[in-house]
Amino acid sequence: MNMFTNHRILFGTSFALFAFLTLVVAIMPAITNQKNNAPLPGTADLTADQLAGKQVFIANGCVACHTQQVRNVAMDKAWGERPGIAADYARITRTDFWRNTATLMGTERTGPDLSNVGIRQGSLAWNLVHLYQPRAVVSESIMPAYPWLFELKDQVAAGEIEVSIPSKFNPTNKKIVAKKEALQLVSYLQSLKQTELPEAPSFLYAEEEQEAKPGYSIQLPDGQQLYAKNCAPCHQTNGEGLPGAFPPLKGSSVVLGDDLELFVNIIMLGYDARPEYAVMNAVGLNNKLSAAEVTAIINHERNSWGNRAKPVDAEQVKNMMDFIKKTKTP
Amino acid sequence: MYLMATSSSIFSETGIILTLTLLCIPVVASALFLVNKAYRLLRLYLGKKELERINKQILGLGQDEIEALEQRKRELAFRLNFTELGSTRAVRDERGLIQTLEAPELRFIERKKKGVPRPAVPQDLSNLILWFIGSAVFWLVFGTTVGEYLGIKFSAPDLDAWSFLSFGRLRPVHTNAVFWGWASMAMLGLAHYVIPRVSNTALYSIKVGYWALGLCNLAVFSGSIALMAGINNGGGEYREYIWPIMALFGVGILLSLWNLLKTISKRTVQELYVSNWYIVSAMMFLLVIVFVAYWPTWQNGLGETIIQGYYMHQGVGMWFMLFNLGLMYYFLPQQLNKPIYSYSLGVLAFWSQILFYTLIGTHHFIFSAIPWWLQTIAIIGSVGMIIPVIAGTTNFLLTFKGAWNKLYSSYTLPFYLVGILFYFTGSFQGTAEAFRFTNLLWHFTDFTVAHSHLTMYGIITFMLWGFIYTLVPRLTGREAKQATIGAHFWFALLGLLIYTIPLMYGSTLRGLMWIENKPFLESVTLMAPYWLWRAIGGTLMWISHLLFAYNFYCMVRKKEELHRPSTPAEILDIRAKLLHLKTNHHEHVH
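Definitions and limits used
- Residues numbered from 1 in each chain as written.
- Chains lettered and ligands numbered in written order.
- Predicted model: local features only at pLDDT ≥ 70, side-chain atom pairs only at ≥ 80, totals over all residues.
- Heavy atoms only, no water.
- Helix = DSSP H or I, 4+ residues; strand = E, 2+ residues; numbered from the N terminus.
- Buried < 20%, exposed > 50% of the residue type's maximum accessible area, 1.4 Å probe, protein only.
- Contact = heavy atoms within 4.5 Å.
- Areas by Shrake-Rupley, 256 points an atom, 1.4 Å probe, with all protein chains shown as cover.
- Lys, Arg positive; Asp, Glu negative; His and termini not counted.
- Charge placed at Lys NZ, Arg CZ, Asp CG, Glu CD.
- Buried area = accessible area lost by both parts, 1.4 Å probe.
- Salt bridge = Lys/Arg side-chain N within 4 Å of Asp/Glu carboxyl O.
- Polar contact = N/O pair within 3.5 Å; in protein donor to acceptor, adjacent residues only side chain to side chain.
- Nonpolar A, V, L, I, M, F, W, Y, C, P; charged D, E, K, R; others polar.
- Expected span 1.5 Å × (residues − 1).
- Patch = residues over 30% accessible without salt bridge, like charges linked within 9 Å, V, L, I, M, F, W, Y side chains within 5 Å.
- Core = buried A, V, L, I, M, F, W, Y, C linked by side-chain atoms within 4.5 Å.
- Disulfide = S-S within 2.5 Å.
- Domains from an automatic or database assignment.

Enquirer: It is not clear to me how the overall build of chain B should be interpreted in this structure. Could you clarify?
Expert: If you tally the helices and strands in chain B, you get 18 helices and 0 strands. For the C-alpha atoms alone, the extent of chain B along its principal axes is close to 100 × 75 × 55 Å. Per-residue burial for chain B yields a buried fraction of 55% across its 590 residues. Here the analysis covers contacts within chain B between residues at least 6 apart in sequence; of these, 84% occur between residues at least 24 apart. Accessible surface, chain B as shown: approximately 27300 Å² in total, 66% of it carbon and sulfur. With 46 positive and 32 negative side-chain charges, chain B shows a spacing of 6 Å between the two charge centroids.

Next comes the structure, spelled out in structure tokens:
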């Protein structure tokens, strides 16, 4: 046969087969996808600062450990309200002539997914501390520290943002000031939010929701886990917070007191009444915590780290939250 | 299918069963290797013990026994004086039949076969090949030093705080250096030997070969610097070099391809040996892949992801795997001194590999936002890969049939065998990982990292070592010490198993934790011991690379040694040369 003796025919055939398959499974789907793809209504391009922050994200290879994709499987619910769809990435185009498109979907989740991190963890103060030294806020973290995004100064000038870090992580006695790049990176992270869809595709392999039967009290979820997920990054697992950044909950008058309305309000809408601490975001509202979940968190906080106070009632919390929702729904 | 994943039921999942079974293969094989080795050492030890016992007996001999022995010794010592039948004239050996035989020396380590001298390779080609392999060795040591450092960072994240050495920047330095620096350059060097050899002709152009070598080295060098400086292409794995840098590499491959095709077209044999099929196709396909993935004016939105899946997997399967299979079809039969078991199986594996492998790229993005039909095709293609993998493995193992005894007397063949076993295990494991359930469990965990080491290291790197230990002594005439080659082999194999198995186990637990919706941080603390094991295994692998580099040095260094003339030919030759020099000198003086 010719193919075994004529190298032109042989190599020509194998090249043609490969090129044809490439066309069908790679080039054509890619072109179709980039043509029939419009961004979701209500979204906007990144601002100049956010874009610069994305460049910092790319340059430091953050994608090595952080994905930006919510798969349509139930286990990914932790990372977003709904599965990601192609339109979510439609605004991302080639970085420039020299560098390719950065959808930053990633393939490794050594650290958390970031698709919705702007909602989950939007606090500027927390993000700056975390970038300067992750272990200052999450002692188990193995994320690299990024001190080159900050500078050490004797004096903080007007308009500059100082990062308060426990002295263990800042032995120099100087002030740690965020550089432009750090602020840009945080503003990029804050921009990572899933857009709400009226009819979102559902997750696969979901467990059936347990509906509370009438006449029974609401089944409370695990408060410790919810606390670990929603509160511990700032207030710490030991409830002691970080001096100068996040207040302690251990022995806190709000946690142990009887003003339940204030407590629920802080969890749902955030807090900015104490100048010695950083601003707290609307953690509850952003993460869409349910009344049962908020109750579980409150009861966990009221009865941990030496705190002793009466558990609160889920019905009461629900009433307050209904009121908050009515007044605060955007 | 409704899936409720709990820790008790995962062992009934096909993908899991398949993976566990597959993992047993290299584990059992290395256990067998070890047992055999231990058995031989034990026999040696027992032999020595027996000798001691005998010595004791000898010491305790009685007077009459000694006398009897001495009597017998005298009797046995009787010798003819060799003049009984002949004369006292000098012996003439006109046909050179009588030669001195060397007495075998006692050795503690089993002596393996030496390389057999082959027809000489032209010096200029030999130098080119050695430069390619030498560069590859350098990038292996460099790339895995970086990898080792990265592995340690999982356990000690505050090791340094210099931007150039931060994890996210160094990770692609490691992967790209071992991909394009180590494996690719070693493959190119070996191809520059194999293609002229099976074409029975000389390489078309040595000069073009050096150009290709220079461009590839330049690409990896500048790419590594750029990545550390924070200049990258946007995050797709193995596509981190920006296109102007990757273009250098592409041109290097293009030049090599042209050079080798020219060589093939002036071949002096009619047929195209199957190695040619694999090697030339691999080079053509790499150029297609790089061209498609790097063309700088497209891939907006998810287009990037679809091309990324295609690119990263074709890079692995169509470049590294295809190329190495081609080399294996040359070196394995040659090492076993028998033809490949079945030429047709090699041809079947070739076409089915192209057909199925090209389809599977997007299996890295299962459940993501890319089209569902594309994901399904990728899974089907992954299952189809069973055909070429089984065809290839069967072919190689059946070539071994009847020659297994050679395994124990060769220091190169163990590398081949490990490569072949991991070819089966690693590739099949890839199939198992593409199933939708196993994907739920393992995707995004370090299981993928373990898998890529089982394949890129277990298959590609072990095969390349086998080929290099086979080829380099042929070019230089010098072999490395068998003890250090053995140490290299064992450090690498045990290191790989210690690296991958705990990592896969820990990743499975981590995946289960995610499915159960536990807080993410718990899954980080869970991994800590497995990351430590990974660093330990990685250290062993890294040590083995230092040994390999030393062995390579031993094989290529020019030995400065005083050579005392011993054979009559040498003595006379030297005498003639000396006399000639002397007369020349005299003439010059006068």
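Still more ground to cover, so stick around.
Enquirer: Before we go on, may I ask you to explain the interface of chain A and chain B in this structure?
Expert: A common measure of how large an interface is: the accessible area buried when the components associate. Across the boundary between the two partners, chain A contributes 80 residues, which contact 96 residues of chain B. Buried surface at the junction of chain A and chain B, summed over both partners, amounts to about 7600 Å²; 68% is from carbon and sulfur atoms. For the chain A face of the interface with chain B, the top three residues by lost area are F18(A), M75(A) and Y205(A), together amounting to 10%. When the shortest N-O distance is used, the salt bridge between R135(A) and D158(B) registers 2.8 Å. Connecting chain A to chain B are 24 residue pairs in polar contact (both at pLDDT 80 or more). Elements with a minimum of two residues in the side of chain A that touches chain B: helix 1 (2–5), helix 2 (7–35), helix 3 (48–59) and helix 8 (223–230) of chain A. Examining the composition of the side of chain A that touches chain B, we find that 19 residues originate from one element, helix 2 of chain A, more than from any other. Here the residues of the side of chain A that touches chain B are counted per class, giving 45 nonpolar, 26 polar and 9 charged.

Enquirer: How should I be thinking about helix 9 (residues 343–357) of chain B in this particular structure?
Expert: Spacing of three or four residues puts side chains on the same side of an α-helix, whose turn is 3.6 residues. All names here are of chain B. Spanning 15 residues, helix 9 covers 21 Å between terminal C-alpha atoms, matching the ideal 21 Å at 1.5 Å per step. Listing the buried residues of helix 9 in full gives G346, V347, A349, F350, S352, Q353, I354, F356 and Y357. By the N-cap criterion, in which a side-chain oxygen at the helix start approaches the backbone nitrogen of a residue two or three places on, helix 9 is capped by S342, the distance to S344 being 3.3 Å.

Enquirer: Help me understand a nonpolar patch on the surface, please; the structure alone is not making it clear to me.
Expert: Residue and element names in this part refer to chain B. On the surface, L51, I54, I58, L61, I66 and L69 cluster together into a nonpolar patch covering about 490 Å² of accessible area. Taken together, the elements giving at least two residues each to the nonpolar patch come down to helix 1 (14–59) and helix 2 (63–76). Top element by residues in the nonpolar patch is helix 1. It accounts for 3 residues. Within the secondary structure layout, I66 lies in helix 2.

Enquirer: What should I look at first to understand the nonpolar core in this one?
Expert: Burial of nonpolar side chains together is a common tendency in soluble globular proteins. With 200 residues, the main nonpolar core has W180(B) and W319(B) as its most contacted residues. With near-sequence residues (within four places) excluded, W319(B) lies in contact with W180(B), S184(B), M187(B), L188(B), I253(B), A282(B), M283(B), L286(B) and Q314(B). Counting 36 residues, the second largest nonpolar core, distinct from the first, contains L114(A), V138(A), W148(A) and I165(A).

Enquirer: Looking at this structure, how should I read the state of the cysteines?
Expert: Think of a disulfide as a covalent bridge from one cysteine sulfur atom to another cysteine sulfur atom. Residue and element names in this part refer to chain A. Tallying each qualifying case throughout the model produces 0 disulfides over all chains. Between C231, a free cysteine, and C234, which holds the nearest cysteine sulfur, the sulfur-to-sulfur gap is 9.1 Å. Since its relative accessible area comes to 16%, C234 is described here as buried.

Enquirer: Got a minute to help me understand the domain arrangement of chain A in this structure?
Expert: All names here are of chain A. Each assigned domain of chain A is listed with its residue range as follows: domain 1 (48–191) and domain 2 (223–328). Listed as interface residues are 14 residues of domain 1 and, on the opposing side, 14 residues of domain 2. On inspection of domain 1 and its partner domain 2, the count reaches 0 salt bridges. Connecting domain 1 to domain 2 are 2 residue pairs in polar contact (both at pLDDT 80 or more). Within the side of domain 1 that touches domain 2, the residues separate by chemical class into 8 nonpolar, 4 polar and 2 charged.

Enquirer: Which parts of the structure should I look at to understand helix 13 (residues 291–302) of chain A?
Expert: All names here are of chain A. The terminal C-alpha atoms of helix 13, which comprises 12 residues, lie 16 Å apart, in line with the 16 Å expected from a rise of 1.5 Å per residue. The buried count for helix 13 comes to 11 of 12 residues, which makes it a mostly enclosed element. Inspection of helix 13 places A291, A292, V294, T295, A296, I297, I298, N299, H300, E301 and R302 among the buried residues, and these make up the whole buried set.

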